[in-house]
Each structure stands twice: as structure tokens, then as C-alpha cells.
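Residues per chain, in single letters:
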Amino acid sequence: MLLIKNLNLFVTFVQESILGFISINFFKMQITYDVIIIGTGAGGGTMAHTLADSGKNILVLERGTFLPREKENWDTDAVFNQERYHTKEVWKTEGNKDLHPGTGYWVGGNTKVYGAALFRLRERDFETVQHAGGVSPEWPLKYADLEPFYARAEKLFDVHGEMGIDPTEPHRTDNFPYTKISNEPRIQEVSDQLKGLGLRPFAIPMGIKLNESDPLNSPCIRCNTCDGFPCMIHAKADSDINAIRPVMNQSNITLLTEAKVEKLITNAEGTKIIGVETSVKNESIVFSASIIILAAGAANSAAILLKSANDKHPNGLANASDQVGRNFMKHQNAAMLGISLKKNPSVFQKTFAITDYYFGDTDYKFPMGCIQLMGKSNKTMLASSAPFFTPDLVLEEMAEHAVDWWFTGEDLPDANNRVQVIDGTIHLDYTDNNTEGFDLLIDRWKNVLRKIDDGASFFHHGVYLRKKIPLSGIAHQCGTLRFGNDPKTSVLDVNCKAHELDNLYVVDSSFFPSSGAVNPSLTIIANSIRVGEHLKTVLA
């Protein structure tokens, strides 16, 4: 039976009769709150946490459920090959081809399976930056505006790190909340060799509940099932564990799961959202609130606005600029195995990163991107893309001798890279851009690794695990509802309120005008705190 806490009106249930018949009639009920938050990922979950002490009645709508704790959480085949925690939803892409998006609908959103690398954007990422493939546009606010909220975000999400080492590190008012995560011996050896070449490896800022000084009482056990896996023991700092669960039992918070928002309804003038039409276990309910906060992810938030078209907004809500759904970005991403004659027995491998090439080098004046270690591969991961006749022993030997690298480069906003809704289905059109610097980054890194290990061989994970991360890999999705000062070229204002609607705010990654070349999660979290503090003054 559907349980809804703190409803503002009585709901009549026809209880199960002797004949076993049950009827629950929620057809088009109007239920009113002060604030409605749509989505519980990095943006929505953080917003719920930020507004929890406001005293306002808050409804949080999540289309998914709580991700179950089960043995499959840490099963490589279930997680990567069967994609157990990704949606079975099918989108469309160019040529009306099926697209199976690598995204999941859970309380906590995609943070349930993220790698927990929580970087700040660089200060220059907020400025106009010339790339080989075009221009990365200036943001309507600066790094300094977001810095105090980055600090709060790092505390909320248990971020470990070390300041003063990263060569592109932006200004910080305080050190990281928790000390850096140590390298295991083989990884420390690689780090020392890179330093010998003049490079500056630094600890990845990681959001995990690890206490290396007291392992007995540490929630995190430094396992090999972290990056890309759900955490069975809740030791990863995700939006569910760190933001939603601490507040969901407060009297002013109502969390409703299996509640998919279908569309937003405006008043007759088209100036305000007066209803959130929601499918709750196949029943339709219209909720209303003074403030509506959309945080369904860059693709789905745009889709909701497009599906909500009406007479006053014929091309979709807040879309007079024709920018809703456009400028979709997801980063240039690739993974590579560096196979050495030396064994790599590391368990928790994802501990350092390199940004020496982030804005280019002496031989290339344009930005290239960021290099990180990633979670340690195993033979099951490699087997998924290896030729079927590859012996297990070969895959096992490869995994045991591999160091695994992840590359991120900036893709640039392009109006033709866009989310549309056609016949009720999300269509995602995307063409790679700005690839020159990214390709050079991978070549540079191969040359570096050859210098530190004469026996090194390199395999794109695409040959044995994945290709250069395809369009379905949308974990870093952003853009689609960019913020800015000009309503003609942006969807949201600097406080992430829709230019054309008095009470609609957006706090997922869709507000990004550019993508930078680091994981977007911490910026989403920091911005959500920033907007949340603004909303407290609006609601006061």
C-alpha cells in the first residue's frame, strides 16, 4: 500500500476486502507544500538537506526507489556486464537508433554508483577559455562566488584531499575536511616516478567515509568495488547517505519514491508553476507548492520542460530563448590499461590525479584535460569486451599487471547537441567536438608511461573493456538549461531561476554553461547549497 507521510488532506483508502480487492483512488488530487524538489541526486538531495532547517513543508519526489543492499552491489558481472543498476529505459539518438543511457533512477541518483571524485572547477574554467576546437564561454558568476559553497560541499560529502600540490588548484580558504587517501605501494612507486619526470601527481579529492588512522572503526574498508559500484556498507559519500537520509525523517520533509514527474502546469498567464503532475505507482497526482525545484538530471530536466509545453510556452516551458535541451555536454572520456611487467596488487587504486596538461603545455597552447587513476580492473571487466576466445588466464594476467587510467577532456557547448522529446521519447543528438587536445593528452600520457616503464604496453579499455566512452556514458551530463544574464541566450538567471517563470529553479548539472574537464558532482553540490541559501531568503 502506498504510504505518504504528512499529507495535507485526508485520503480515502478502500481497504482490502474479504474478496481480496483493493482500490486506491488518487486521481488528480491537489496536495500543497511550500517547496517541491524533483530528484534526489547531487543537486536535489543537497537542496533537501540545505532547506531542511528552513521550517518549510518540503515534498521530495523521486522516480526511483532506495537502491537495495544486496550481494550484487559488489558483483562485477552484475554491475558492469548486466548493468543491474542502470535503467532499462530506451532513448533514441541520430537516425532514430536506440540508446541505452548509462544512468540510474534511485534515491541518490547517479551518485549511488559514481566514483566519488569530487573536484572543484579551476578558476579559469569560469572565464572565457580558447580551445583548439572553439571557445568555452564565461560563466555569469566567478569562482570566488562559489568558493565558500565548495567548502561546505566538501564537508557535507566527506571529501579527503591535500591542498597545495595540484598545479591548477583554485584558491581555497581552508584545507580539505579530511586527510588525503594514501597510495598503495605500487601506486606510490608510479607516483614517485612521475615526480622524477617533473610532473605533480596529487591526491584525488574523494568523498568516502575512510579513517586510515583507525581502520577498526572506519566505515570504508578500501575495497576494490567502489568506482562504479554501489557501496553495500554505505561508506561512499553519496546524495542518499549524506544528504537525504539525515533529514528524511524530519516532520517537515516528505520523501515520496516511485513518483515520476510527467509535466509541470502553469497558471493561465504562463508566469508561474501551479502544479506538478506526478505518476505515483500508476496513479496521477497533482502536487503544488510556492517554489518548484527541478533536479532530475540534465537530460530529464530538459525533457520535463519540453513535455510541459502549453499555449503560453508552445516550445516547452522557459524556452523563449530556444535553449531548452540545447548545449548538452558529457565530457570527452576514455579509459586505458597500462600493462607493465610489474604486477599491480593494488586494491583501492583510485588515489591520484594529474592536471599538468589541463590548460596545455609548452608545446601545445590549448587545454587538454585531466588524468586520474580509476578503480582497479579485473578479468571479469576485461572479458566483457575481449574476443570470446580469450583465455581466462590471459585476462587475469593482464588485470594483475595493469594500472588503469581515466582521461577527461572538455567538450564545448553546441546548440546542435541537444535533448528533444519526440512522441514522448527522449532523443539525444550529440556530435563529438574539441577532440584534438584530448587525443594529444592520451598520446602524451603513453609517452610518459613509457619513460617510467620500458616494458609498458597500452590498451584502450575499448579493446578489452570499453571503447572511448560512447554516448550512452552520460554520467557527466551537463548543459541543456544554461544559466546567464541574458534571457535571449540562457534559460536560467544567476540564481538558477527560470527567466520566464517566477517560481521555478533548477539545481542539477543542466545549469552549466561549460563543462570544464573535471567531474561535475562537487560543482552541482556547491551550487545547490548556494541556491538553497538564496531560497531561504525568498521563503522567509
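Residues numbered from 1 in each chain as written. Predicted model: local features only at pLDDT ≥ 70, side-chain atom pairs only at ≥ 80, totals over all residues. Heavy atoms only, no water.

Participant: Just to check I follow, could you spell out the overall build of the protein for this structure?
Facilitator: In terms of helices and strands, the protein carries eleven helices and 26 strands. Computed over the C-alpha atoms, the radius of gyration of the protein is 23 Å, within 12% of the 24 Å expected from 2.2 N^0.38 for a compact globule of 540 residues. With the C-alpha coordinates aligned to their principal axes, the bounding extent of the protein is approximately 70 × 60 × 50 Å. Here the protein, with 540 residues, has 58% of them falling under the buried criterion. (Helix = DSSP H or I, 4+ residues; strand = E, 2+ residues; numbered from the N terminus. Rg over C-alpha atoms; globule rule 2.2 N^0.38 Å. Buried < 20%, exposed > 50% of the residue type's maximum accessible area, 1.4 Å probe, protein only.)

Participant: How should the layout of surface pockets be read in this particular structure?
Facilitator: It is a probe the size of a water molecule, rolled over the atoms, that shows where empty space is left. As a volume, the second largest pocket reaches approximately 220 Å³. Considering the residues around the second largest pocket, the lining is formed by 13 residues, among which K376, S377, N378, A399 and E400 are closest to the centre. Among the elements that line the lining of the second largest pocket, the one with the most residues is helix 8 (residues 392-400), at three residues. For the lining of the second largest pocket, a count of residues per class yields three nonpolar, five polar and five charged. (1 Å grid on protein atoms, 1.4 Å probe; cavity = no way out; pocket = protein on both sides within 12 Å on 5 of 7 lines; lining within 4 Å. Points joined across faces, edges and corners; volume = space filled by probe spheres on them. Nonpolar A, V, L, I, M, F, W, Y, C, P; charged D, E, K, R; others polar.)

Participant: Looking at this model, I keep getting lost on unusual backbone geometry. Mind explaining?
Facilitator: Backbone geometry follows two general trends: most residues other than glycine have a negative phi, and most peptide bonds adopt the trans configuration. Not every positive phi belongs to a glycine, and N96 is a case in point at roughly 60°. Note that N96 resides in the loop between strand 5 (91-93) and strand 6 (97-99). The residue N327 is not glycine, and still its phi comes out positive at about 65°. Of note, N327 is situated in strand 17 (residues 326-329).

Participant: I'm lost on the side chain of S528 in this one. Help?
Facilitator: Along the chain, the position of S528 falls in helix 11 (residues 521-539). The class for S528 is buried, based on a relative accessible area of 0%. One polar contact links the side chain of S528 to the main-chain amide nitrogen of M47, over a distance of 3.3 Å. Setting aside residues no more than four positions away along its own chain, S528 makes contact with G43, T46, M47 and V507. (Polar contact = N/O pair within 3.5 Å; in protein donor to acceptor, adjacent residues only side chain to side chain. Contact = heavy atoms within 4.5 Å.)

Participant: Whenever I open this one, the packing of helix 3 (residues 143-156) against helix 11 confuses me. Can you help?
Facilitator: For any two helices packed against each other, one specifies the inter-axial angle together with the distance between the axes. Two elements in contact, helix 3 and helix 11, have axes separated by 8 Å at closest approach and are oriented at 110°. Between helix 3 and helix 11, the angle is such that the two are roughly perpendicular. The hand of the helix 3/helix 11 crossing is right-handed. Along the contact surface, helix 3 presents L146, F149, Y150, R152, A153 and E154, while helix 11 presents L522, T523, I525, A526, N527, I529, R530 and E533. Taken together, the residues that form the contact of helix 3 with helix 11 break down as eight nonpolar, two polar and four charged. (Axes fitted to C-alpha atoms, helices over the stretch in contact; angles between N-to-C directions. Parallel < 35°, antiparallel > 145°, perpendicular 65-115°, else oblique. Left-handed = near helix turned anticlockwise from the far one by under 90°.)

Participant: What is the right way to read helix 3 from this model?
Facilitator: Helical geometry: 3.6 residues make up each α-helical turn, so side chains three or four residues apart lie on a common side. Helix length check: helix 3, at 14 residues, gives a terminal C-alpha distance of 19 Å against a target of 20 Å (1.5 Å per residue), a fit within 8%. Maximal helix bending in helix 3 amounts to about 30°, located at F149. Elements in contact with the buried residues of helix 3: helix 1 (42-51), strand 9 (159-161), helix 5 (239-244) and helix 11. Note on helix 3: the residue one or two positions beyond its end, D158, has a positive phi of about 55°. (Expected span 1.5 Å × (residues − 1). Bend = angle between axes of the 7 residues up to and from the residue.)

Participant: Help me understand the side chain of S514 in this model?
Facilitator: Position of S514 among the secondary structure elements: in the loop between strand 26 (504-506) and helix 11. Taking the relative accessible area as the measure of exposure, S514 reaches 1% and is therefore buried. Within polar-contact distance, the side chain of S514 engages the side chain of W139 at 2.8 Å. With residues up to four places along the chain from it excluded, the contact list for S514 reads D125, S136, P137, W139, M329 and E410.

Participant: I tried to follow the sheet that holds strand 10 (residues 178-179) on my own but got confused; where do I start?
Facilitator: Two strands in a sheet stick together by hydrogen bonds in their backbones, pointing the same way (parallel) or opposite ways (antiparallel). Judged by pairing direction, the sheet is mixed, and its three strands sit side by side in the order 10-9-12 without closing on themselves. Two strands in the sheet have a free side with no partner beyond their single neighbour: strand 10 and strand 12 (206-207). Where strand 9 and strand 12 come together, two bridges link them in antiparallel fashion. Note that in strand 12 the partner of V159 across the bridge is G207. (Pairing = 2+ DSSP bridges.)

Read these as geometric descriptors, not functional statements.
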